[in-house]
Amino acid sequence: MDKELDAEVFLFSTSIHDDYFLYPYDIWGSVAHCLGLAKACLLSDEEASCIISGLREVYSALREGKIDPSPFEDVHSLVEISLRERIGDLAGKLHTGRSRNDQVVLDERLYLREKIAECLQSILALEEALLRKAEEYQDFVMPGFTHLQPAQPVLFSYHLLTYFFMFQRDIARFKEALSRVNVSPLGAAALCGTSFPIDRSFVAEILAFPKVQEHAMDAVSDRDFILDVLHAFSTFALHLSRLGEEIVLWSTPFVSFLSIDDAFTTGSSIMPQKKNPDVAELLRGKTGEILSSWLSLAVTLKGLPLSYNRDLQQDKRPLFRAIQEGLAMASIAARLVDHIFPNSERMEEALKKGFLTATDLCEYLVTKGLPFRKAHELVGSIVRKLLKEGRTLRDLVPEDFGEWAHLYDARLKEVIDEKQSVNRKASFGSTNKKEVLRMCAEGFAFVAEERKNIEGLWKMWQKSFKDLVGE
Ligand code: ARG
């Protein structure tokens, strides 16, 4: 370059404030690359060990806050220049066969796989909290809703388990995202590989990547793996926002299906009676930002020509914001579930009001030989009559059945009993208590197994970091 970079251009294009915290990953990847260069005889053993101890020194200095990052353009130049200050011109050899284009995606991939594992751990804790609640309150019966209208009796535990199954899909989505994140782009260099004989598989292996991202131009242009993670976070956050909304709704004094522990609510500065469900509200509220992070990156990528373009630098802010909020939401949601307490009396009051076993009554009439459509019509007219007269299904007498009065018998009392209704459900995956307890038991086993898998991954990654960077 003939001229110094314009000061405003420097400020405009710098990303150090967004990528500074990637330094452990940048150094980890740099040590691996250095070992790759040594293996390809592009560095002597002495040169490699001098570079590696220099990188380790830079790591310690950064960790102890001894280097001011602000004058640097990005994390990669921060590490490279700090290394040069310590070992001199030899530092320049580290960039053989490497470009910031493959370096930046390597850093992001190393960072993201850990964040996905963290998120998986939090989702498992959340699932476990739901399963514990479901087991603890296995006898509570409440109205199940459609259209937010009382529909049929269900176990409170059954309603809760719906969220468990949503989170199961989130776990699958995060694992799928992890399989795409967990590939090594290193060796792609600027856009089309390098003429140096580096062994890409060796470098991937020592960084504990199971695979190499084959096509170099794809490797430096690709940000789909970030979109995948943001998509997983978005759907997970949507689920949390639905859970949050139900906790808000159920804790309002009009409903009072549950109460929230004081430590998880706030008061009002002016209205002394208030107990606000802020955590649940924020699970709803923070979801918007996570959803917009996916869109933000998608818009950056839309129509972008191959291969690396500086636009791609803009991937970090939405990513880090979504991760920060998403991880905080996952962790607090697990604790929120531990701090909610269902109120069986209020649930039973609601059960009595809602004609919830009208469907059971229809099914009973079907067993007596009535076609379902006819039974539905008859029960509909009975319910309208009872409502008009201020009575409930419990007050039924044979005369209410008109010309079908002969179908009334003593068993009807059991048929309209909400608790018996729940356990009469016989289909797989229904609200029957036996089914609910089976799903809980299988859920607990899944959580334990998945935890082991994630711990295995952590151990592998930590070992790689320790071997290459130390500590
Ligand atoms: N800070 C850049 C980014 O985040 C690093 C890659 C820069 N590469 C380049 N050719 N200017 O994308």
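Report on the accompanying structure. Quick caveat: nothing in here was measured; it's all calculated off a predicted structure.

If you tally the helices and strands in the protein chain, you get 19 helices and 6 strands. Computed over the C-alpha atoms, the radius of gyration of the protein chain is 30 Å, more than 25% above the 23 Å expected from 2.2 N^0.38 for a compact globule of 471 residues. C-alpha atoms of the protein chain, sized along the principal axes, occupy 100 × 50 × 45 Å. Across the 471 residues of the protein chain, 51% fall into the buried class.

Our focus in this paragraph is helix α15 (residues 358–367). Spacing of three or four residues puts side chains on the same side of an α-helix, whose turn is 3.6 residues. Within the sequence span of α15, burial applies to Ala358, Asp360, Leu361, Cys362, Tyr364 and Leu365. Packing partners of the buried residues in α15 comprise α16 (372–388), α17 (412–415) and α18 (418–424). Count one or two residues on from α15 and you reach Gly369, which has phi positive near 105°.

Before going further, it helps to examine the site of the ligand. In the vicinity of the ligand, the residues found are Ser15, Asp74, His76, Arg100, Asn101, Val104, Tyr308, Gln313 and Lys316. At a separation of 2.4 Å, an oxygen atom of the ligand approaches a polar side-chain atom of Lys316. Protein coverage of the free-state accessible area of the ligand, which is 340 Å², stands at 87%. The leading source of residues in the shell around the ligand is helix α6 (residues 100–136), at 3 residues. Looking at the shell around the ligand, its residues break down into 2 nonpolar, 4 polar and 3 charged.

Once that is clear, we can look at empty space enclosed by the protein. In the structure shown here, the tally under the stated rule is 4 cavities of 30 Å³ or more. Taken as a whole, the largest cavity holds about 80 Å³ of empty space. In terms of lining residues, the largest cavity is bounded by Asp26, Ser30, His76, Val79, Glu80, Leu83, Ala91, Leu94, His95, Arg98, Arg100 and Gln103. Elements with a contribution of two residues or more to the lining of the largest cavity: α3 (23–39), α5 (75–87) and α6. Among the elements that make up the lining of the largest cavity, the one with the highest residue count is α5 (4 residues). Residue composition of the lining of the largest cavity, grouped by class: 4 nonpolar, 4 polar and 4 charged.

Another aspect to go through is the side chain of Asp107. Considering the arrangement of structural elements, one finds Asp107 in helix α6. Arg98 provides the closest opposite charge to the buried, salt-bridge-free Asp107, at an N-O distance of 6.4 Å. With near-sequence residues (within four places) excluded, Asp107 lies in contact with Leu22, Tyr25, Asp26, Val75 and His76.

When their charged atoms lie close together, side chains carrying opposite charge are able to pair. One pass over the full model with this rule turns up 40 salt bridges. Across the pair Arg86 and Glu57 runs a salt bridge whose closest N-O atoms are separated by 3.9 Å. Here Arg86, found in helix α5, pairs with Glu57, found in helix α4 (residues 45–63); they are 29 residues apart in sequence, far enough to count as distant. Given a relative accessible area of 33%, Arg86 falls into the partly exposed group. Among the residues examined, Glu57 registers a relative accessible area of 44% and is labelled partly exposed. Residues joined in a network through salt bridges with shared partners are Glu73, Asp74, Arg100 and Arg310.

Turning our eyes to something else, we now look at the packing of aromatic side chains. Inspection of the entire model under this criterion finds 20 aromatic pairs. When the ring of Phe21 is compared with that of Phe320, the centres are 4.4 Å apart and the planes differ by 75°; the resulting orientation is edge-to-face. Here the residue Phe21 occupies a position in the loop between α2 (16–19) and α3, and Phe320 occupies one in helix α13 (residues 316–338), the gap between them amounting to 299 residues. Between the aromatic rings of Tyr23 and Tyr59, the centroid separation amounts to 6.1 Å while the plane-to-plane angle is 50°, which identifies the pairing as tilted.

For the rest of this paragraph, the subject is a nonpolar patch on the surface. A grouping of Trp294, Leu295 and Val299 is seen on the molecular surface, where their side chains present a nonpolar patch of about 290 Å² in accessible area. Following the sequence through the fold, Trp294 ends up in helix α12 (residues 287–301). You can call Trp294 partly exposed: its relative accessible area is 33%.

Summarising the sheet, strand β1 (residues 141–146) and strand β2 (residues 149–155) pair through 6 bridges and their orientation is antiparallel. Among the inter-strand pairings, Met142 is bridged to a residue of β2, identified as Val154. Hairpin connection of β1 to β2: 2 residues between the antiparallel strands, including His147 at a positive phi of 55°.

Relative to the helices and strands, Ser184 is located in strand β3 (residues 183–184). If we ignore the near neighbours within four places in the chain, the residues touching Ser184 are Arg200, Ala204, Phe209, Lys211, Val212 and Gln213.

The rules behind these values
Residues numbered from 1 in each chain as written. Predicted model: local features only at pLDDT ≥ 70, side-chain atom pairs only at ≥ 80, totals over all residues. Heavy atoms only, no water. Helix = DSSP H or I, 4+ residues; strand = E, 2+ residues; numbered from the N terminus. Rg over C-alpha atoms; globule rule 2.2 N^0.38 Å. Buried < 20%, exposed > 50% of the residue type's maximum accessible area, 1.4 Å probe, protein only. Contact = heavy atoms within 4.5 Å. Near = heavy atom within 4 Å. Polar contact = N/O pair within 3.5 Å; in protein donor to acceptor, adjacent residues only side chain to side chain. Areas by Shrake-Rupley, 256 points an atom, 1.4 Å probe, with all protein chains shown as cover. Nonpolar A, V, L, I, M, F, W, Y, C, P; charged D, E, K, R; others polar. 1 Å grid on protein atoms, 1.4 Å probe; cavity = no way out; pocket = protein on both sides within 12 Å on 5 of 7 lines; lining within 4 Å. Points joined across faces, edges and corners; volume = space filled by probe spheres on them. Lys, Arg positive; Asp, Glu negative; His and termini not counted. Salt bridge = Lys/Arg side-chain N within 4 Å of Asp/Glu carboxyl O. Phe/Tyr/Trp six-rings, centres within 6.5 Å; stacked < 30°, edge-to-face > 60°. Patch = residues over 30% accessible without salt bridge, like charges linked within 9 Å, V, L, I, M, F, W, Y side chains within 5 Å. Pairing = 2+ DSSP bridges.

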